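Structure at a glance
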Amino acid sequence: MKLILFNKPFNVMCQFSAHPTRPTLADYVKIPHIYPAGRLDADSEGLLLLTDDGQLQNRISHPDHKQAKTYLVQVEGTPDREALEKLRQPLDLGDFVTQPCIVKHIHPPEWLWPRTPPVRDRASIPTSWLSMTLSEGKNRQVRRMTAAVGLPTLRLVRSSIGGYSLETHPLLPGEWLEVKL
């Protein structure tokens, strides 16, 4: 049984099959018969777990197991107390209501790599960083949550899944590491 920690770069598709216009996981990880345990959108970066074990893949990614995932989120604007509280509480996004989550306004992480291409910079609008820990992960959920409170997401980096973290297992975008279970 293998477990691979992979730092998915920006604009990479979270699949091993070929894509007509974008790079995929197969361009970075050349290990046969492994699959992602969960997904990240092409415009999101960060930690992705890969495994060759279907039961482990299910334990990591299935919503019934409520594996905590932490995201570092650069948003446009500065969050106030009300916006942070709305993000922490169940938030109605129209087609579903989120579970409560942990949200903190943080300093930009010192260990975080610069994004290629860089995030747009508008001198008249400040940006801020949030740490958001969720136990669910619906399609584009973090981006939809921040937009719902008036803080559009500029950059989204998953920093940890369960006990695995890019802070404790430093990997640059495109790098991977096999860990012992």
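Quick look at the structure, then. Sequence order sets the numbering: in each chain, residues are counted from 1 along the sequence as written. Where local features are concerned, this predicted model is filtered to residues with pLDDT of at least 70; where side-chain atom pairs are given and counted, the filter is 80 or more; whole-chain, interface and lining totals use all residues. Hydrogens and water molecules were not included; the side-chain quantities draw on all heavy atoms of the structure.

Re helix H3 (residues 141–148)
Burial in H3 covers these residues: Gln141, Val142, Arg143, Met145 and Thr146. Any two residues having at least one pair of non-hydrogen atoms within 4.5 Å are treated as being in contact. Strands are runs of DSSP state E lasting at least 2 residues, helices are runs of H or I lasting at least 4, and numbering of each runs from the N terminus. Contact partners of the buried residues in H3: strand E4 (69–76), helix H2 (81–88), strand E6 (127–134) and strand E7 (153–161). Where H3 ends, the next residue or the one after it, Gly150, has phi of about 80°, a positive value. Categorising residues by exposure relies on relative accessible area from a 1.4 Å probe, with only protein chains included: less than 20% of the type maximum marks a residue as buried, more than 50% marks it as exposed, and the intermediate range marks it as partly exposed.

Focus on the pairing of E7
The buried fraction of E7 is high, at nine of nine residues. Bridge analysis of strand E3 (residues 45–51) against E7 gives two bridges, and the strand direction is parallel. In the strand pairing of E7, Gly46 is matched with Arg158. Two strands are said to pair when DSSP picks up at least two bridges between them. Strand direction decides the pairing type here: E4 and E7, joined by seven bridges, are antiparallel. The residue of E7 that forms the bridge with Gln74 is Arg155.

Some details on the environment of Leu72
Along the chain, Leu72 falls in strand E4. Residues Leu72 and Thr133, spaced 61 residues apart in sequence, show a C-alpha to C-alpha distance of 9.0 Å. Every residue in contact with Leu72, bar those within four places of it in the chain, is listed here: Ile106, Pro109, Trp111, Trp129, Leu130, Ser131, Arg155, Leu156, Val157 and Ser159.

As for the pattern of salt bridges
We define a salt bridge as a side-chain nitrogen of Lys or Arg found within 4 Å of a carboxyl oxygen belonging to Asp or Glu. According to the stated counting rule, one finds nine salt bridges in the structure shown. Among the salt bridges present, the one from Glu45 reaches Arg155, with a minimum N-O distance of 2.7 Å. Placement of Glu45 in strand E3 and of Arg155 in strand E7 is noted, with a sequence separation of 110 residues between them. A salt bridge links Glu76 to Arg120, with the nearest nitrogen and oxygen atoms 2.9 Å apart. With Glu76 in strand E4 and Arg120 in the loop between strand E5 (102–106) and E6, this residue pair connects regions lying 44 residues apart in the sequence. When salt bridges that share partners are traced, they join Asp41, Asp43, Arg140 and Arg143 into one network.

That's the geometry; what it means functionally is another story.
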